[in-house]
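Chain by chain, the residues:
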Amino acid sequence: MKSILISGIQPTGKLHIGNYFGALKNFVDLQNSGKYQCYFFIADLHALTENPAPKDLNQNILNLTADFLASGLDPKKSVIFQQSRISVHSELMWILNTIAKIPELELMTQFKDKAKQFRQSVNLGLFNYPVLMAADVLLYNTKFVPVGNDQDQHLEITRTLARRFNKIFGKTFVEPKAIHTLTPRVMSLINPEKKMSKSQPESCVFIDDSPEQIKAKIKKAVTDSGSEIKYNRKDKPAISNLLEIYSSLSGKTINDLEKKFKGKNYSVFKNDLIGVVADYFADFRKNKSILIKNKSKLFSILKSGSQKASQRAEKKIIEVKKKIGLA
Ligand code: TYM
């Protein structure tokens with residue numbers, strides 16, 4: 001039996017190259033390795049924590065489904081589904097809420113950051129966001145979860161809840177492990193000390209940006225003092241980030257890139273990188289522009305994937321309910 005692997009992405013706007021090189025590209029590679037039984041989903045319940053306008057959310061769900069397919073996820077090889085179509089995700093979250101502890105959730109960096117940003121109006125969904133994530137993962141007996149490293153704390157909570165539940169009610173859940181890429185945290189183009197984030201569009205290259213947009217953003221990307229193209233995360237964080245991006249795109253090692261750009265200045269390096277980014281996503285842009293026109297196909301893929309996923313999830317919730325005395 002192949003190990004089960006699951007991951008989700010929120011439909012909260014365009015995907016940036018951090019989402020791509022930290023997660024989506026890896027989803028495609030892992031799917032194509034043939035080693036796993038793969039589940040990939042649109043985390044639309046999580047997206048509700050940002051209180052999106054209904055029309056935007058609906059469009060973003062379609063957009064993300066098109067992103068999944070245009071980058072190579074294949075409904076014949078992976079189960080591609082929509083979280084909100086499977087109500088037992090919310091049901092298991094409620095059950096896990098009753099064993100999750102407030103102080104451990106208060107430690108979550110992502111929650112603390114949002115709480116700072118929204119102060120008094122921070123919603124309860126943001127607080128138990130990691131419990132819903134735990135439900136997403138534990139419902140499927142998942143062994144592996146490919147994510148960027150900003151999700152490590154959430155996966156640690158998932159493992160804690162699985163262990164705690166198993167201890168109280170008997171062995172029920174598998175403890176999952178994260179899978180990271182070589183670029184588990186792509187940094188912002190305008191502040192290389194911070195991760196690239198959808199909430200700061202000017203920090204991102206989006207994967208469906210046009211070549212002109214890519215050019216403008218990379219030209220504006222901050223650089224470090226000095227002029228050498230040298231990898232050093234501490235002293236040259238901006239160029240190191242751009243080198244990592246270049247390396248992910250080209251498959252060349254950082255070492256090779258340092259040699260290639262020895263004696264050249266930042267502007268030569270950036271011009272080269274602009275071309276590499278624009279070329280890399282050219283097929284993706286073409287595929288997506290076709291897919292996005294076919295709404296009914298996108299919805300039907302989500303519908304049939306959700307039916308498949310729900311069969312497994314329903315079984316698990318029955319097992320859980322028996323264990324806790326509800327059935
Ligand atoms: P989301 O949509 O915020 O992020 C999607 C994926 O992109 C990764 N990521 C990055 N990787 C590298 N560098 C960056 N700058 C960067 N920014 C984001 C994230 O780590 C993530 O893998 N909470 C999840 C969605 C989710 C989920 C789950 C994932 C909901 N339930 C269950 C796995 C299992 C999230 O961060 O989505």
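Given the structure is predicted, the values throughout are model-derived calculations rather than measurements. (Residues numbered from 1 in each chain as written. Predicted model: local features only at pLDDT ≥ 70, side-chain atom pairs only at ≥ 80, totals over all residues. Heavy atoms only, no water.)

(A) Geometry of the overall build of the chain. A count of helical and extended segments in the chain gives 15 helices and 5 strands. Expressed as lengths along the three principal axes of its C-alpha atoms, the size of the chain is roughly 70 × 45 × 40 Å. Across the 327 residues that make up the chain, the buried fraction comes to 49%. The long-range share in the chain, meaning contacts at least 24 apart out of those at least 6 apart in sequence, stands at 75%. For the chain, the accessible surface area stands at approximately 15,900 Å², while carbon and sulfur atoms represent 53% of it. (Helix = DSSP H or I, 4+ residues; strand = E, 2+ residues; numbered from the N terminus. Buried < 20%, exposed > 50% of the residue type's maximum accessible area, 1.4 Å probe, protein only. Contact = heavy atoms within 4.5 Å. Areas by Shrake-Rupley, 256 points an atom, 1.4 Å probe, with all protein chains shown as cover.)

(B) Summary view of the pattern of salt bridges. According to the stated counting rule, one finds 17 salt bridges in the structure shown. A salt bridge links E91 to K321; the shortest N-O distance between them is 2.7 Å. Of the two residues, E91 sits in helix α4 (residues 88-97) while K321 sits in helix α15 (residues 295-324), which places them 230 residues apart along the sequence. A relative accessible area of 28% means that E91 is categorised as partly exposed. Judged by its relative accessible area of 25%, K321 falls in the partly exposed class. A salt bridge links K260 to D272, with the nearest nitrogen and oxygen atoms 3.7 Å apart. Of this pair, K260 sits in helix α12 (residues 254-260) while D272 sits in helix α13 (residues 266-280), and the two are 12 residues apart along the sequence. With a relative accessible area of 36%, K260 lands in the partly exposed category. Taken together, the shared-partner salt bridges in this structure form one network comprising E156, R159, R163 and E175. (Salt bridge = Lys/Arg side-chain N within 4 Å of Asp/Glu carboxyl O.)

(C) Spatial organisation of the packing of aromatic side chains. The tally for this structure, following the rule as stated, stands at 18 aromatic pairs. Both rings, one in F41 and one in F81, keep their centres 5.2 Å apart while their planes meet at 25 degrees; by these two values the pair is stacked. Of this pair, F41 sits in strand β2 (residues 36-42) while F81 sits in strand β3 (residues 78-82), placing them 40 residues apart in sequence. Ring geometry for F165 versus F169: centroids 4.7 Å apart, planes at 45 degrees, classification tilted. Taken as a pair, F165 and F169 lie in helix α9 (residues 152-169) at a separation of 4 residues, close to a single helical turn. According to the relative accessible area criterion, F165 is buried, its value standing at 1%. Classification of F169 by relative accessible area gives partly exposed; the value is 28%. Chaining the aromatic ring pairs together yields one cluster made of Y20, F21, Y280, F281 and F284. (Phe/Tyr/Trp six-rings, centres within 6.5 Å; stacked < 30°, edge-to-face > 60°.)

(D) Fine view of helix α11 (residues 237-250). With 14 residues, α11 should reach 20 Å at 1.5 Å per residue; the first-to-last C-alpha distance of 20 Å fits that figure. In terms of burial, α11 is largely enclosed, as 12 of its 14 residues are buried. Residues of α11 that are buried include every one of P237, A238, I239, S240, N241, L242, L243, E244, I245, Y246, S247 and L249, and no others. Taken together, the buried residues of α11 touch α1 (17-33), α12 and α13. G251 occupies a position one or two residues after α11 and carries a positive phi of about 75 degrees. (Expected span 1.5 Å × (residues − 1).)

(E) The site of the ligand, seen in detail. Neighbouring the ligand are 27 residues, the closest being Y129, D136, D150, Q151 and V186. Between the ligand and Q151 there is a distance of 2.8 Å, counted from an oxygen atom to a side-chain nitrogen or oxygen. Contact with the protein chains hides 96% of the accessible area of the ligand, taken as 710 Å² for the molecule alone. For the shell around the ligand, the secondary structure elements donating two or more residues are β1 (3-9), α1 and α8 (129-138). (Near = heavy atom within 4 Å. Polar contact = N/O pair within 3.5 Å; in protein donor to acceptor, adjacent residues only side chain to side chain.)

(F) Structural context of the environment of S188. By the element assignment, S188 lies in the loop between β5 (177-179) and α10 (211-220). When the C-alpha atoms of S188 and S203 are compared, they prove to be 4.7 Å apart, with 15 residues separating the residues in sequence. The contact partners of S188, leaving out residues within four places of it in the chain, are K194, K195, M196, S203 and N241. A polar side-chain atom of S188 sits 3.0 Å from the main-chain amide nitrogen of I190.

(G) Focus on the environment of G226. Following the sequence through the fold, G226 ends up in the loop between α10 and α11. Taking the relative accessible area as the measure of exposure, G226 reaches 59% and is therefore exposed. For the pair G226 and L30, spaced 196 residues apart in sequence, the C-alpha separation works out to 39 Å. Discounting residues that sit within four places of it in the chain, G226 has contacts with K236 and Y266.

(H) View of α1. Of all the bends in α1, the greatest measures close to 35 degrees and is centred on A23. Of all 17 residues in α1, 13 are buried, a share of seventy percent or more. Immediately downstream of α1, the backbone of G34 shows phi near 75 degrees, a positive value. (Bend = angle between axes of the 7 residues up to and from the residue.)

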